[in-house]
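# Reading the structure
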Amino acid sequence: MFSSIVALSLAMLAPSAYATILDVNVGPNGQFVYEPPFVHASPGDIVRFHFNPKNHTVTQSAFDPPCVPLQDGFRTGFIPVAPGTNPLPVQEFHVPDDHGAPLWFYCGQTAHCGQGMVFAINPPAEHDPQSFQAHKDLAIARNGTAAVAPPATTYTPAPEPHWTPPTTTVPYGGGMHASHEPAPTHAVTPQEHRILVGADGKLAYSPANITAAVGDTVVFEFRPKNHTVTQSSFSNPCVPLEHGFKSGFQPVAADATDFPTFRLKINDTAPIWGYCGQVNHCQSGMVFSINAVESGPNNFAAFQQLAMRPSTSSRQTAGDNGSNSAGMVVSPSVSVPFGSFLLAGLAAAFL
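Please read all numbers here as calculations on a predicted model, not as lab measurements.

### As for the packing of aromatic side chains
Scanning the entire structure with this criterion turns up 15 aromatic pairs. Ring centres of Tyr-34 and Phe-119 lie 5.7 Å apart, and the angle between their planes is 50°; this geometry places the pair in the tilted category. One end of the pair, Tyr-34, is in strand β2 (residues 34-35); the other, Phe-119, is in strand β10 (residues 118-121), and 85 residues separate them in sequence. Take Tyr-34 and Phe-119: they sit in the same class, and that class is buried. With a centroid separation of 4.7 Å and 45° between ring planes, the pair formed by Trp-273 and Phe-303 is classed as tilted. Taken as a pair, Trp-273 in strand β19 (residues 272-275) and Phe-303 in helix α3 (residues 300-307) lie far apart in primary sequence, 30 residues in all. In this structure Phe-303 comes out as buried when scored by relative accessible area, which is 0%. Each member of the aromatic cluster is reached from another via a ring pair, and the members are Tyr-34, Phe-49, Phe-74, Phe-93, Phe-105 and Phe-119. If you follow Arg-223 out to its NZ or CZ, it ends over the ring of Phe-259, 4.3 Å from the centre.

Here you go:
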């Protein structure tokens, strides 16, 4: 009787106790690849994705189409990683019991899938019409060209950005501002990036530095206390940019379960800088960037350090209840008619 119980207990523990961990590097050495490009795994095994510098995703797709998110499929979201990060961020995928059916994945960053940045679990053999190579060729044929990622030893830095507000359309408050730049190329599949504002009581945006493609949407989700999303410039991190976007103060109770959001639609890839307008939050490093040029001097780390300098001042204008911007589509999910006196009271209450 005792031996039967022991055998049954071991059988119940077997799937987790003997799960294989398969490590996969995402974008190693600046290349648009997963390394290895595919693995063979059993149900219960864990595929551990290690995200290397730059900004990639692991997004599940079908074999065809290869660069389109699978409904209800696995998605890591964008994982921005600064050069020199150690340890690298990790996301895990637990292999389901699907009778060995192949699983397909790709990087959702603009043009990466079209350059062959795809991954597979349990792909068929090489000569099968649905082999890994067939899937990769389909991704390149459908969503890009036959170009390959540049080798790690060569790098062409992005041109120095012009510090002018990004140019897009702003359907906010009934107004509409038209872009004066040439129409940019849109991503194959627009992505939604979610940034938590003040999560876990921290004076931080999480993540604070992301890369977003044209057509993508950035959603700021406000957590308890009272914060803002206010556009600024690199040289003046804690001062609102003239005609820039402003969410206004968003007070959120500690026991709230429904969180207000503020949405931006990206219409070009010029760097966007922003901060929290609550007293001393910017000077504590509560800033964010979108499409910062990390290879140049005006990168996110430099922006945050500039904000935290003792001489840096923070300023809110009377109109910081949410405003238009010539930088992106702005659409707060909640419109609250705060008066100036009410704003002051709420700011003090949630500070």
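Past the structure itself, the notes keep going.
### Topic: the state of the cysteines
Counted according to the given criterion, the structure contains two disulfides. With its sulfur 1.8 Å from that of its partner, Cys-67 forms a disulfide with Cys-113. The S-S bond linking Cys-67 to Cys-113 shows a torsion near -75°; that makes this disulfide left-handed. Note that Cys-67 is positioned in the loop between β6 (59-61) and β7 (79-81) and Cys-113 in the loop between β9 (103-106) and β10, a separation of 46 residues in sequence. Overall, the relative accessible area of 4% leaves Cys-113 in the buried class. At a sulfur-sulfur separation of 1.9 Å, the disulfide partner of Cys-238 is Cys-282.

Rules used throughout
- Per chain, the residues get numbers from 1 upward, laid out in the order the sequence is written.
- Only residues with pLDDT of 70 or above have their local features reported here, since the model is predicted, and side-chain atom pairs are shown and tallied only from 80 upward, although totals for entire chains, interfaces and linings are computed over all residues.
- In computing side-chain values, all of the structure's heavy atoms are included and hydrogens and water are not.
- The rule is short: rings of Phe, Tyr and Trp, with Trp giving its six-membered ring, pair when the centres are within 6.5 Å, and they are stacked under 30 degrees, edge-to-face over 60, tilted in between.
- Secondary structure counts use DSSP, requiring at least four H or I residues in a row for a helix and at least two E residues in a row for a strand, with both numbered from the N terminus.
- To sort residues, take the accessible area from a 1.4 Å probe on protein chains only and compare it with the maximum for the residue type: under 20% means buried, over 50% means exposed, and anything in between is partly exposed.
- Note on criteria: charge over ring means Lys NZ or Arg CZ within 6 Å of the ring centre, with the direction from the centre no more than 35 degrees off the ring normal.
- Whenever a pair of cysteine sulfur atoms sits within 2.5 Å, that pair is classed as a disulfide.

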